[in-house]
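# Secondary and tertiary structure notes
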Amino acid sequence: MATIVMEKIGRVFITLQQIREVPRMLTEAAPSMPGTVRDIDVPYYFRERYIGTGYRPLDQNWRYYFLSLFQSHNETINVWTHLLAFLFFLARLGQLAKTIDFVNDPHSWPLLILILSSLTYSACSVIAHLLGGKSELCHYTFFYLDYVGVAQYQYGSAVVHFYYAVDEGLHRYMHGIFMPTAAILSCLSCLGCCYGKYCSRSVPPLGRKAFQVMPSALAFIWDSTPVAERLMSWSTASDDPALIYHFGQVAFFISCTLFFTFPLLERCFPGRCDFVGQSHQVFHVLLTCCTLCQIHVYHLDYVDRRKLYSRLHRSSDAALFVQLYVVTVVVCALIAAFMLRRAKRGLDCKSKSK
C-alpha cells in the first residue's frame, strides 16, 4: 500500500515539474518578438494617414508575422475582425447546408456564390493585413490578393441581387446584360484598386483612394439596381420581412464606403487611434455586418420568392452565373499578376539604383 502511494506521489511530482517547465518551453518556441516602430521607420506607402506608430518592422522571419496575430500592433484589429468574420460566414454556411441542397438545387447556387465569395474576401483580407508588412514585395503581393477578394465579392453580391431581388419588370429589360456588366465592373474595380496601390509612391493618399473607390462605387450603383427598385416598393410591400434587411445592407455598405475613403476617427483624434479605433477597422466591422445582412436576406428571398425567381430564371442561368464567377476570378487574378509584375519591376529598378 505504501509503495502504491509513493508511486502516485512521484507521478504527481513529475507532473508538477512538467507544468513548471511550460513557460520556458513556450518562451523557447516563441522567442521575444521585436516591438513596433514608428511611421518614419517604414516605407512611405506602408504608412496610413494620422497613424504615427504601431507598425511592424520589415524583413523579419515568417514566424514573426504569423505570431504577430497575438501581438498588439496597428493591424491587429484589422486581422481579427475579418478572421472572426470568416468563422461567422463558415458557421452560417454550415447552418444553411442543413436545410438547403446546394449540390442538386441550381436555384441555391447564387446564394452559395455569395457565401463562398464572402469567405474568400475575408480570408484574403486576413492574409494581407497579417503578412503584408514583411517586405515591399509581400506588401504588393498580399494586398493585390486582397483586391481580387474584394472584386469577386462584388460579383457575388451582384448575382444574388439580380437572381433573388429583381422584379419582373426590371428583369425584362436587364436580362442578358446585367451579369456580364457586373463581371466587367468587378474586374475594373480590381484594376482600380491594384493601380491605386501601384501608384501609392507618386500619388497623394486621396488620389489613391479615388482610383480604388470610383470603380467600386460604379459597380455598387449598377449591382444594387434590383435592390433599389425593390426598396421603392416599401409602401406597397410593407409586410415583406426581407425589406428591412435590404435597407440594412445598403446602409452598412454606404457607411463602409465613408469609413474606407476618409480617415475620420484618426483625423479627429490624432495619436489615439494608432492601435484601436481606426476608420479602416470600423470599415471591416461594417462590411461584415453588410455581408451578414446579405446572407440572411437572400436566404429569406430564396425561401419566400421561389415562385418568382423560378419563373424569371431558368436553371441553366444559375450554371451560367457560376461559370461567369469563375471567369471573373481568373481575370481578376490575371490583372493582379500583371500589376504585381509591374510593381516587382519597379522594386528591382529601385534596388539597382541604390
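In this convention, every chain numbers its residues from 1, walking through the sequence in written order. Whole-chain, interface and lining totals are the exception, using all residues; otherwise, since this is a predicted model, local features are given only for residues with pLDDT of at least 70 and side-chain atom pairs are given and counted only at 80 or more. Side-chain descriptors were evaluated using all non-hydrogen atoms of the structure, hydrogens and water having been removed beforehand.

Another aspect to go through is the side chain of T261. Strands are runs of DSSP state E lasting at least 2 residues, helices are runs of H or I lasting at least 4, and numbering of each runs from the N terminus. Among the secondary structure elements, T261 is positioned in helix 10 (residues 243-261). Contacts between residues were defined by any pair of non-hydrogen atoms, one from each residue, lying within 4.5 Å. Discounting chain neighbours no more than four positions away, the residues touching T261 are R49, K209 and V213.

The criterion is simple. A nonpolar core is a set of buried Ala, Val, Leu, Ile, Met, Phe, Trp, Tyr and Cys residues joined through side-chain atoms within 4.5 Å. Relative accessibility under 20% of the residue-type maximum defines a buried residue, over 50% an exposed one, and the middle range a partly exposed one, all with a 1.4 Å probe and only protein chains included. Counting 52 residues, the largest nonpolar core has L111, Y164, M179 and Y298 as the members making the most contacts within it. Sequence-distant contacts of Y164, that is, excluding residues within four places in its chain, are made with H107, S108, W109, P110, L111, R230, Y298, D301, Y302, R305 and Y309. Among the nonpolar cores identified, the runner-up in size contains 32 residues, and L58, L69, F142 and C193 belong to it.

Attention now moves to the environment of F259. Mapping F259 onto the fold places it in helix 10. When the C-alpha atoms of F259 and F283 are compared, they prove to be 5.5 Å apart, with 24 residues separating the residues in sequence. Discounting chain neighbours no more than four positions away, the residues touching F259 are L264, L265, S279, H280, V282, F283 and L286.

Now for unusual backbone geometry. Of note in this structure, Y50 is not a glycine but carries a positive phi near 70°. Along the polypeptide, Y50 turns up in the loop between helix 1 (2-29) and helix 2 (62-67). By relative accessible area, which is 38% here, Y50 ends up partly exposed.

Here, a salt bridge means any side-chain nitrogen of Lys or Arg that lies within 4 Å of a carboxyl oxygen of Asp or Glu. One pass over the full model with this rule turns up seven salt bridges. Measuring nitrogen to oxygen at the nearest pair gives 3.1 Å for the salt bridge that ties R306 to D105. Here R306, found in helix 13 (residues 306-312), pairs with D105, found in the loop between helix 3 (76-97) and helix 4 (109-131); they are 201 residues apart in sequence, far enough to count as distant. Taking the relative accessible area as the measure of exposure, R306 reaches 32% and is therefore partly exposed. With a shortest N-O distance of 3.5 Å, R314 and D317 are connected by a salt bridge. What makes D317 buried here is its relative accessible area of 4%. Sharing partners across several salt bridges, the network here consists of R230, D240 and D301.

The end-to-end C-alpha distance of helix 10, which contains 19 residues, comes to 27 Å, matching closely the 27 Å that a straight helix rising 1.5 Å per residue would cover. Three or more residues of helix 10 are buried, namely L243, H246, G248, Q249, V250, C256, F259, F260 and T261. To estimate the expected span of a helix, count its residues, drop one, and scale the result by 1.5 Å.

All right, on to the state of the cysteines then. For the purposes of this analysis, a disulfide is any pair of cysteine sulfur atoms at a distance within 2.5 Å. Going through the model one piece at a time under the given rule, you end up with zero disulfides. This cysteine, C190, is not joined by any disulfide, and C194 carries the nearest cysteine sulfur, 4.1 Å off.

We now examine the packing of aromatic side chains. Only the six-membered ring of Trp is used, alongside the rings of Phe and Tyr, when aromatic pairs are assigned; centres must lie within 6.5 Å, and planes under 30 degrees apart are stacked while those over 60 apart are edge-to-face, with the rest tilted. Tallying each qualifying case throughout the model produces 22 aromatic pairs. Between Y164 and Y309 the ring centres are 5.2 Å apart and the planes differ by 80°, which places this aromatic pair in the edge-to-face class. Of this pair, Y164 sits in helix 5 (residues 136-165) while Y309 sits in helix 13, and the two are 145 residues apart along the sequence. Judged by relative accessible area, which is 1%, Y309 ranks as buried. Chaining the aromatic ring pairs together yields one cluster made of F162, Y163, Y164, F178, W222, Y298, Y302, Y309 and F321. Positioned above the aromatic ring of W62 is the side chain of K134, whose terminal nitrogen or guanidinium carbon lies 4.9 Å from the ring centre. Lying across the ring of F143, K197 places its NZ or CZ 4.7 Å from the centre. Should the NZ of a Lys or the CZ of an Arg lie within 6 Å of a ring centre and within 35 degrees of the ring normal, that charge is described as sitting over the ring.

Here an axis means a line fitted to C-alpha atoms, over the contact stretch when the element is a helix, while the angle between two N-to-C directions is reported on a 0 to 180 degree scale. At a minimum axis distance of 10 Å, the contact between helix 7 (residues 178-198) and helix 14 (residues 315-353) shows a crossing angle of 20°. One way to sum up the angle between helix 7 and helix 14 is to call them roughly parallel. The element helix 7 and its partner helix 14 pack so that their crossing is right-handed. Contacts between helix 7 and helix 14 involve M179, P180, A183, S186, C187, C190, L191, C194, Y195 and Y198 from the first element and F321, L324, T328, V331, C332, I335, A336, M339, R342 and A343 from the second. Each angle is binned into one of four classes, with values under 35 degrees roughly parallel, values over 145 roughly antiparallel, values of 65 to 115 roughly perpendicular, and all other values oblique. Take the far helix as the reference: if the near one is turned anticlockwise from it by less than a right angle, the crossing is left-handed, and if turned clockwise, right-handed.

Okay, the packing of helix 4 against helix 5 next. Running from N to C, helix 4 and helix 5 point in directions that differ by 160°, and their axes come no closer than 8 Å. Taken together, the axes of helix 4 and helix 5 lie roughly antiparallel to each other. Between helix 4 and helix 5 the crossing geometry is left-handed. A breakdown of the residues in the contact of helix 4 with helix 5 according to their chemical character gives 20 nonpolar, nine polar and one charged. Here the term charged refers only to Asp, Glu, Lys and Arg, the term nonpolar to Ala, Val, Leu, Ile, Met, Phe, Trp, Tyr, Cys and Pro, and the term polar to all other amino acids, Gly among them.

A contiguous nonpolar surface patch, about 350 Å² in accessible area, is contributed by L84, L87, F88 and L292. Structurally, L84 is set in helix 3. Here L84 falls in the partly exposed class, since its relative accessible area comes to 39%. Patch membership is restricted to residues that have no salt bridge and whose relative accessible area is over 30%. Joining uses 9 Å for like charges and 5 Å for the nonpolar side chains Val, Leu, Ile, Met, Phe, Trp and Tyr. Where accessible areas are quoted, they stem from the Shrake-Rupley method and a 1.4 Å probe; at the residue level, only the protein chains shown are allowed to cover.

Note that all results are geometric; they support no functional claim without further evidence.
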